[in-house]
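So you can see what is in the structure, the chains are spelled out below.
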Amino acid sequence: GTISDAQRYTLLHGAEAREQGAAAVSILTNKPGGEHHASDYLLSSIAAARQRVWMLTPTLSNSAVVDAIIGAAQRGVDVRVGISGREGWIGTRALGVIGSAFYEDLVRGGVKLYEQPGMSHAKVSLVDDVALVGSMNLTRRAMLWDHEAGIASDDPMFRGQLQQMLERDLSQGRRIGMDDAARILARGARAVRRATGLQW
């Protein structure tokens, strides 16, 4: 096929970026029905966290991740999670509602939960001193059945940049409290989850 001007520009600047960086990174991938290195690494990192677990994700509806971050918060780890706010659920309304089913558990568990203004599509986390950036949504489907990729790095400069971004973005979110967990949609989603054992 042919390469457009936009693709040529991206390829050129991608090559320039490779020459500028010096950070060591680990490449993590998930393969449907096979190896789940990205999922396993994230969950094991959260389980071993001692200082912080900061995350931005469009939605959070995987009970394994929810349990892991609640466990970290109950160990005294600083756990902060930013998810898309209600106005950002357009096109992903079902996932937003499903994610709100976990609000009560998260808030009671000591997780600082923030709804971002609008749609947040970031999939980034900072677990202690390791920064993770990739394509993986924190849903059961994405972590088990989708092709996903990401990088993990403890490079101080990269980590510092990600920390600044997370601090800025989380500060723009609205902190979720028990009153939000009592919203009709959240209560309904929680009831459906508990009655059916539905996993997303």
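The notes below deal with the structure included here. (Residues numbered from 1 in each chain as written. Predicted model: local features only at pLDDT ≥ 70, side-chain atom pairs only at ≥ 80, totals over all residues. Heavy atoms only, no water.)

Moving on, we get to the overall build of the protein chain. Along the protein chain, the regular secondary structure elements total 9 helices and 8 strands. The buried share of the protein chain, reckoned over its 200 residues, is 44%. Put simply, 78% of the contacts in the protein chain that link residues at least 6 apart link residues at least 24 apart. Accessible area for the protein chain stands at about 10,600 Å²; split by element, carbon and sulfur atoms hold 55% of it. (Helix = DSSP H or I, 4+ residues; strand = E, 2+ residues; numbered from the N terminus. Buried < 20%, exposed > 50% of the residue type's maximum accessible area, 1.4 Å probe, protein only. Contact = heavy atoms within 4.5 Å. Areas by Shrake-Rupley, 256 points an atom, 1.4 Å probe, with all protein chains shown as cover.)

What follows is about the pairing of strand E5 (residues 124–127). The alternating pattern of E5 places Val124 and Leu126 and Ser125 and Val127 on opposite faces, both of which are buried. In the sheet, strand E2 (residues 52–56) pairs with E5 via 4 bridges, with the strands oriented antiparallel. Looking at E5, one finds that Met55 is bridged to Ser125. Where E5 lies against strand E6 (residues 130–134), 4 bridges are found, and the strand directions are antiparallel. (Pairing = 2+ DSSP bridges.)

The geometry of an aromatic ring pair comes down to the distance between the two centres and the angle between the two planes. For the structure shown, the criterion picks out 0 aromatic pairs. Across from the ring centre of Trp54, 5.2 Å away, lies the NZ or CZ of Arg52, which sits over that ring. (Phe/Tyr/Trp six-rings, centres within 6.5 Å; stacked < 30°, edge-to-face > 60°. Lys NZ or Arg CZ within 6 Å of the ring centre and 35° of its normal.)

For Asp128, which is not glycine, the phi torsion reads 55° and is therefore positive. With respect to the helices and strands, Asp128 occurs in the loop between E5 and E6. On the basis of relative accessible area, Asp128 is assigned to the buried category, the value being 16%.

Attention now moves to the nonpolar core. Val53, Leu60, Ile69, Val79, Val81 and Leu106 are the most contacted members of the largest nonpolar core, which totals 33 residues. Among the secondary structure elements, those contributing two or more residues to this core are helix H2 (37–48), E2, helix H3 (63–74), strand E3 (78–84) and helix H5 (103–108). At 7 residues, H3 tops the list of elements feeding residues into this core. Contacts of Val53, omitting those with residues within four sequence positions, involve Ile46, Ile69, Ala72, Val77, Asp78, Val79, Arg80, Leu126 and Val127. (Core = buried A, V, L, I, M, F, W, Y, C linked by side-chain atoms within 4.5 Å.)

Time to look at the pattern of salt bridges. Using the criterion set out here, one finds 8 salt bridges in the structure. Note that Arg108 and Glu104 form a salt bridge whose closest N and O atoms lie 3.1 Å from each other. Pair noted here: Arg108 and Glu104 are both in helix H5, with a separation of 4 residues, about one helical turn. Judged by relative accessible area, Arg108 falls into the exposed class, the value being 60%. Across the pair Arg174 and Glu115 runs a salt bridge whose closest N-O atoms are separated by 3.1 Å. (Salt bridge = Lys/Arg side-chain N within 4 Å of Asp/Glu carboxyl O.)

A complete count under the given rule lists 1 cavity of 30 Å³ or more for this structure. Taken as a whole, the largest cavity encloses approximately 200 Å³ of empty space. Around the largest cavity, the lining is made up of 18 residues, and of these Leu42, Lys123, Ser125, Leu132 and Met136 lie nearest the centre. Within the residue set of the lining of the largest cavity, elements represented by two or more residues are H2, E2, E5, E6 and strand E7 (148–153). Residue classes in the lining of the largest cavity are distributed as 12 nonpolar, 5 polar and 1 charged. (1 Å grid on protein atoms, 1.4 Å probe; cavity = no way out; pocket = protein on both sides within 12 Å on 5 of 7 lines; lining within 4 Å. Points joined across faces, edges and corners; volume = space filled by probe spheres on them. Nonpolar A, V, L, I, M, F, W, Y, C, P; charged D, E, K, R; others polar.)

The next subject is the pairing of E3. Among the 7 residues that make up E3, 6 are buried, leaving the element largely enclosed by the rest of the structure. Summarising the sheet, E2 and E3 pair through 5 bridges and their orientation is parallel. Bridging across to E3, Trp54 finds its partner in Arg80. The handedness of the E2 to E3 crossover, carried by H3, is right-handed. Here 5 bridges tie E3 to strand E4 (residues 112–116), and the two strands are oriented parallel to one another. Among the inter-strand pairings, Ile83 is bridged to a residue of E4, identified as Glu115. (Right-handed = clockwise from strand over helix to strand, strands pointing away.)

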